[in-house]
Amino acid sequence: MKLVKKRYMIGLLGIAAIAACNKGFLDVVPTDRVSDAAILSDSILFESFVVNRYMGVRLMDKEAEGTPPGFGRGFEYALWSSLTDESVYNNDDNTWLVQRGQLSPENTGIAGTIWKRSYRSIRECNYALANIEQVPMSAARKSRLTAELKFIRAFRYHDLIRNYGGIPLLGDKVYGLNDDMADPALFERQDLGTCITYTLTQLDEAAAGLPADNGSSWALGRATAGAALALKSRLTLYAASPRYNAGSWEQALNAAVAVISLNKYGISQNGYGALFRKASTDNEIIFARYYSVGARHVPMEIANGPNGHGGWGGNVPLQNMVDAYRMANGKAIDEEGSGYDAQHPYANRDPRFYETILYNGATYRGRALETFVPGGRDSREGPDNWNTSRTGYYLYKFIDEDMPINNPWNIAGLQPWIYFRYAEILLNFAEAANELVGPDATPAGATMSAREALNLIRSRAGVTMPAVAEGISAAAFRTLLRNERQVELAFEEHRFYDVRRWLIAAETGNVPAYGIEITRSGNTLNYERKVALDGRRFLPQHYWLPIPREEILASNNQLQQNADY
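Residues numbered from 1 in each chain as written. Predicted model: local features only at pLDDT ≥ 70, side-chain atom pairs only at ≥ 80, totals over all residues. Heavy atoms only, no water.

This part takes up the overall build of the chain. When helices and strands are tallied, the chain shows 18 helices and 10 strands. For a compact globule of 565 residues, the expected C-alpha radius of gyration is about 24 Å, and the chain comes in at 26 Å, within 12% of that figure. Along the first, second and third principal axes, the C-alpha atoms of the chain reach 95 × 65 × 50 Å. The buried share of the chain, reckoned over its 565 residues, is 56%. Long-range pairs, those at least 24 residues apart, make up 70% of the contacts in the chain with a sequence separation of at least 6. For the chain, the accessible surface area stands at approximately 23,500 Å², while carbon and sulfur atoms represent 52% of it. (Helix = DSSP H or I, 4+ residues; strand = E, 2+ residues; numbered from the N terminus. Rg over C-alpha atoms; globule rule 2.2 N^0.38 Å. Buried < 20%, exposed > 50% of the residue type's maximum accessible area, 1.4 Å probe, protein only. Contact = heavy atoms within 4.5 Å. Areas by Shrake-Rupley, 256 points an atom, 1.4 Å probe, with all protein chains shown as cover.)

With that settled, consider the environment of Asn315. Position of Asn315 relative to the elements: it lies in strand β3 (residues 315–317). Separated by 176 residues in sequence, Asn315 and Phe491 have C-alpha atoms that sit 9.6 Å apart. In this structure the side chain of Asn315 is engaged in a polar contact, spanning 2.8 Å, whose partner is the backbone oxygen of Tyr77. Side-chain polar atoms of Asn315 contact the side chain of Ser82, separated by 2.8 Å. (Polar contact = N/O pair within 3.5 Å; in protein donor to acceptor, adjacent residues only side chain to side chain.)

Attention shifts here to the packing of helix α8 (residues 225–240) against helix α9 (residues 249–260). Taken N-terminus to C-terminus, the directions of α8 and α9 make an angle of 160 degrees; their axes are 8 Å apart at the nearest point. By the angle between their directions, the pair α8 and α9 is classed as roughly antiparallel. α8 and α9 meet at a crossing whose hand is left-handed. Between α8 and α9, the residues in contact are Leu229, Ala230, Lys232, Ser233, Thr236, Leu237 and Ala240 and Trp249, Gln251, Ala252, Ala255, Ala256, Ala258 and Val259, respectively. The class makeup of the residues in the contact of α8 with α9 is 10 nonpolar, 3 polar and 1 charged. (Axes fitted to C-alpha atoms, helices over the stretch in contact; angles between N-to-C directions. Parallel < 35°, antiparallel > 145°, perpendicular 65-115°, else oblique. Left-handed = near helix turned anticlockwise from the far one by under 90°. Nonpolar A, V, L, I, M, F, W, Y, C, P; charged D, E, K, R; others polar.)

Here we take up the side chain of Asn163. Tracing the chain through its elements places Asn163 in helix α6 (residues 139–164). Classification of Asn163 as buried rests on a relative accessible area of 2%. One polar contact links Asn163 to Tyr497, side chain to side chain, over a distance of 3.0 Å. Setting aside chain neighbours within four positions, we find Asn163 in contact with Trp80, Ile114, Phe496, Tyr497, Trp544 and Leu545.

Our focus in this paragraph is the packing of aromatic side chains. All told, the structure shown has 38 aromatic pairs when counted by the stated rule. Considering the side-chain rings of Phe151 and Phe287, the 5.3 Å spacing of their centres and the 90 degrees angle between planes classify their relative orientation as edge-to-face. Residue Phe151 is located in helix α6, and its partner Phe287 is located in strand β2 (residues 285–289); the two are separated by 136 residues in the primary sequence. Each member of the pair, Phe151 as well as Phe287, is classed as buried. On the basis of an interplanar angle of 90 degrees and a centroid distance of 6.2 Å, the ring pair of Tyr364 and Tyr396 is categorised as edge-to-face. Remark: Tyr396 occurs in the loop between β7 (394–395) and β8 (417–421) and Tyr364 occurs in strand β5 (residues 363–364); sequence separation between them is 32 residues. Taken individually, Tyr364 and Tyr396 each receive the classification buried, so the pair is uniform in this respect. An aromatic cluster is present here, built from Tyr54, Phe71, Phe151, Phe155, Phe287, Tyr419 and Phe420 joined pairwise through their rings. Over the aromatic face of Tyr497 sits the side chain of Arg162, whose NZ or CZ is 4.1 Å from the ring centroid. Between Lys173 and the ring centre of Tyr175, over which it is positioned, the NZ or CZ distance is 5.5 Å. (Phe/Tyr/Trp six-rings, centres within 6.5 Å; stacked < 30°, edge-to-face > 60°. Lys NZ or Arg CZ within 6 Å of the ring centre and 35° of its normal.)

Attention now moves to the side chain of Ser81. Structurally, Ser81 is set in the loop between α3 (43–51) and β1 (87–89). At 2.9 Å, the side chain of Ser81 forms a polar contact with the side chain of Ser87.

The end-to-end C-alpha separation of α6 is 37 Å, in line with the 38 Å expected for 26 residues at 1.5 Å each. The buried count for α6 comes to 20 of 26 residues, which makes it a mostly enclosed element. Positive backbone phi, at 85 degrees, marks Gly165, one or two positions downstream of α6. (Expected span 1.5 Å × (residues − 1).)

The subject of this paragraph is the state of the cysteines. Under the defined criterion, the tally for this structure stands at 0 disulfides. With no disulfide of its own, Cys125 lies 17 Å from the sulfur of Cys195, the closest cysteine sulfur. A relative accessible area of 0% means that Cys195 is categorised as buried. (Disulfide = S-S within 2.5 Å.)

Moving on: the pairing of strand β9 (residues 513–521). Taken together, the 9 bridges between β9 and strand β10 (residues 524–533) define a ladder with antiparallel strand orientation. Across the sheet, the residue bridging to Ile518 is Tyr527, located in β10. Here β9 hands over to β10 after 2 residues, with Gly522 in that stretch at a positive phi of 65 degrees. (Pairing = 2+ DSSP bridges.)

Counted residue by residue, helix α14 (residues 450–458) has 7 buried out of 9 residues, so it is predominantly covered. What α14 keeps buried is the set Ala450, Arg451, Ala453, Leu454, Asn455, Ile457 and Arg458. Here the buried face of α14 lies against α12 (351–354), α13 (422–437) and α15 (474–488).

We now examine the nonpolar core. Of all hydrophobic cores here, the largest spans 154 residues; its most connected members are Phe46, Phe151, Ile167, Phe287, Tyr346 and Phe429. Apart from the residues within four sequence positions on either side, Phe287 is in contact with Tyr54, Phe71, Phe151, Phe155, Gly221, Arg222, Ala223, Ala227, Ile418, Tyr419 and Phe420. Counting 6 residues, the second-largest nonpolar core is a separate cluster that includes Trp502, Ile504, Phe538 and Tyr543. (Core = buried A, V, L, I, M, F, W, Y, C linked by side-chain atoms within 4.5 Å.)

Right, let's get into the pattern of salt bridges. For the structure shown, the criterion picks out 45 salt bridges. Arg120 is the partner of Glu124 in a salt bridge, and the nearest nitrogen-oxygen pair spans 3.5 Å. Of this pair, Glu124 and Arg120 both sit in helix α5 (residues 114–131), separated by 4 residues, roughly a single helical turn. Close ionic contact of Glu284 with Arg421 constitutes a salt bridge, the shortest N to O distance being 2.7 Å. Here Glu284, found in the loop between α9 and β2, pairs with Arg421, found in strand β8; they are 137 residues apart in sequence, far enough to count as distant. Both residues of the pair, Glu284 and Arg421, belong to the buried class. Through salt bridges with shared partners, one network takes in Glu284, Asp350, Arg352, Lys397, Arg421, Arg458, Arg460, Glu484, Glu488 and Glu492. (Salt bridge = Lys/Arg side-chain N within 4 Å of Asp/Glu carboxyl O.)

Viewed as axis vectors pointing N to C, α5 and α6 meet at an angle of 160 degrees, and their least axial separation amounts to 9 Å. Comparing their axes, α6 and α5 come out roughly antiparallel. Relative to α6, α5 is oriented so that their crossing is left-handed. Contacts from Ile114, Trp115, Arg117, Ser118, Tyr119, Ser121, Ile122, Cys125, Asn126, Ala128 and Leu129 of α5 reach α6 at Thr146, Leu149, Ile152, Arg153, Arg156, Tyr157, Asp159, Leu160, Asn163 and Tyr164.

Here's what the structure looks like:
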C-alpha cells in the first residue's frame, strides 16, 4: 500500500512539473476537425463549409454508404419508393412497418431521420449566415454564398413541411448551449401557411442571388437560380393541393411558368432510361447530386439486381405499379379497346415501363429474365434464392448495365440523384393550369395549355405515347395527369407525397401489395396475382409522419405531436 501511494505521489508531482514548465500543456489543437476561428478567417475553408451543407449527417444504420446523405432520402439500400405502392424492400430494413401502418413516434423506420437531420442542417446554415460578414472575401462572393445558404435552408424546411406539416421556424437564430433550451417559443409549431410563406420568401431571395448556370466558378451540383425556382414550383403546387390548402393554383401556375420562361431546360431526347443511368449535363436536369469514384452512393446494380445474376433484389416493384403503365395506344389496361392480353401482360406497354421495371422475359445482361417456376434462374428456384424478388419484378430504373454486379465497390454508385428535372415542372404546370382553366385553355402569362405541356413529356424520343386529344374534360385530364406523374416520376420520391397531397392515400395505401406468380408448364406461362407483403394499411394520421418521441421528450413535452400518434 505504501508503494502504491508513493508511485501515485510521484505521478502527481510529474504532472505538476510538466504543467509548471508548460502552462499550455492541455491546450491541444484538435487534428480531426477545423475550428470556428479557422473557418471564419479563411475564405476557402468557409466556402467548403457552405458546400458541405448540401450533405447531412448519418443518423441510422444502412444509410449513407459511400458519402453522407443529401436532401430527402436519395440512393440508399431501401429507397423511399418502398414506403409506397411503387415497391417493397425485399428484406424489410425498417420499411415494412410503414407499409403496414405501424408507424409510431417510437418506431419511425427509415422515416425517422428527417426531423433531426433537417434541423441540424438549418442550424449550420444559420451559423454560416450569421458569421459570413467576418470572412475575408469579396462582397459579390458573400452575396452568392448567402443565396446558396438560403436555398439549402429552404430545401431543409421543404423536407420538414412535406413530412410533418406545420413546424417550428428558427429564423436566423443560431441556438447554442448558452440559450434557454426550455423556452416554449423554440418548440412552437407555426401553421402550414406561415411555414410555406417563409420558405417561399427564402427561395425568392435565393433565386435573386444565385447564378443562372454552373461553370468553372460554380461547380455542377451547386444550386442555380433555376434550382431555387424549381423548388418554389414544387412547394407552391403542394400548397395549392387539397391536403395543404395553404396556397392557390394561380401561385403554383406562376411558379412553374417562372421556370419555363427561363428557356434553359427541355425534355431530353436521348432516351428516358439514359437520363437516370449515367451522369450527364442533359438540359432536362435542373438540379441533381453528382457522385464520383471515391465519393459514391450505394451500388444500385448489386443492391437491386436479380438473384440469378448475383444481385440482392432490393427495392422490388409491385404489381400495383406495373398495372399503372398504360398500353402503347394510351389506354389503361382495364379500358375497353386497350388490347391488353393477360397471357402476354408485358406486350405493347408504355415504353417507360421497359426502362423502369425488369419482368419475366426482359433482356438483362445478355439473357432473358426468368422469374417463372419451376426452374427460373431469377426465381426462388434460382441461386441465392434468399434474394429472390417477392413480387416477381426487379428494378431497372437507375441500373447501369456497364457497371459490375460482383465486387462493384469503388466502381459503381455513380448515377446522379436528380432532385428536379424539367418534366416535373411541366407536370406541375399542367396540374395547376388544369385546375385553373381546364386542359385546353392557355392561362394568362403562359405559352401553352395543360394538355400541350403533358404532350411535350409524352412525345419524348423513345416514348412517343399518343397525344392527349383536345376536348378532354378537366376531371378526365386530372386522372390522366395523376397517372402520368406516377409513371414519369416513378421511384424518384414523388409518389409518397403526391398521394398524400391529393388526399387519395387512404385508397392507394389500403390496397394489398401485389406481386405476380408465374408458373411454366411446357411452353405455356400462367400468371397469377399474389400478395407480396401482407398487412398493408394506411390510417388517417399517416398523412403526416410522427415526430420522433425523443424530440418530444427533449422539449419537455412542449413540442406538439401530430394528431392521433
